[in-house]
Amino acid sequence: MNIPVSVTPLIRFPLFWLSFKNFPLSLYKFASKLTLDWDAYLNLYFHPWEFTNIRGYQLPGYIKRHSGQEMSDRLENYLTWIKPYGKFSTFSEFQAQLNPINLFRK
């Protein structure tokens, strides 16, 4: 099973950790809702190191932006906002929903 990171419809703007860190949260939320309405799912990914303070390291600013607690707070804000629009699931649960056999089970 290969599920790529979600991208917006038409312009294929990727919704992943780097865009989450660098674009206004309102824009990211708009793009997420648009994509969720279009595809009926979102696949977003983040790295564990993004939730630690990496500002003291010599990394590009676009990687260090919103790191540590600020990133955790930003993600909490996003998850609280998006929760009413769908259901969170694991890849196994998602795959089971896509399995044609399960489409006929109630």
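Refer to the preceding data block for the structure.
Residues numbered from 1 in each chain as written. Predicted model: local features only at pLDDT ≥ 70, side-chain atom pairs only at ≥ 80, totals over all residues. Heavy atoms only, no water.

Asks: I'd love a proper account of the overall build of the protein chain, names of residues and values included.
Replies: Helix and strand content of the protein chain: 5 helices and 0 strands. Each helix and strand of the protein chain, ordered N terminal to C terminal, gives the series α-α-α-α-α. Overall size of the protein chain, expressed as C-alpha extent along the three principal axes, is 55 × 25 × 25 Å. Classification of the 106 residues of the protein chain by burial places 30% in the buried group. Sequence-distant contacts, at least 24 apart, represent 59% of the contacts inside the protein chain between residues at least 6 apart. Looking at the protein chain as shown, the accessible area adds up to about 7,400 Å², and 60% of this sits on carbon and sulfur atoms. Averaged over its 12 positive side-chain charges, the protein chain has a centre that lies 3 Å from the centre of its 7 negative ones. (Helix = DSSP H or I, 4+ residues; strand = E, 2+ residues; numbered from the N terminus. Buried < 20%, exposed > 50% of the residue type's maximum accessible area, 1.4 Å probe, protein only. Contact = heavy atoms within 4.5 Å. Areas by Shrake-Rupley, 256 points an atom, 1.4 Å probe, with all protein chains shown as cover. Lys, Arg positive; Asp, Glu negative; His and termini not counted. Charge placed at Lys NZ, Arg CZ, Asp CG, Glu CD.)

Asks: A description of the packing of helix H2 (residues 25-39) against helix H4 (residues 69-82) should follow, citing residues and the corresponding values.
Replies: Two elements in contact, H2 and H4, have axes whose closest approach is 11 Å; the angle formed by their N-to-C orientations is 35°. The way H2 lies across H4 gives a crossing that is right-handed. Along the contact surface, H2 presents Leu-25, Tyr-28, Lys-29, Ser-32 and Lys-33, while H4 presents Arg-74, Asn-77, Tyr-78, Trp-81 and Ile-82. Of the residues in the contact of H2 with H4, the class split is 5 nonpolar, 2 polar and 3 charged. (Axes fitted to C-alpha atoms, helices over the stretch in contact; angles between N-to-C directions. Left-handed = near helix turned anticlockwise from the far one by under 90°. Nonpolar A, V, L, I, M, F, W, Y, C, P; charged D, E, K, R; others polar.)

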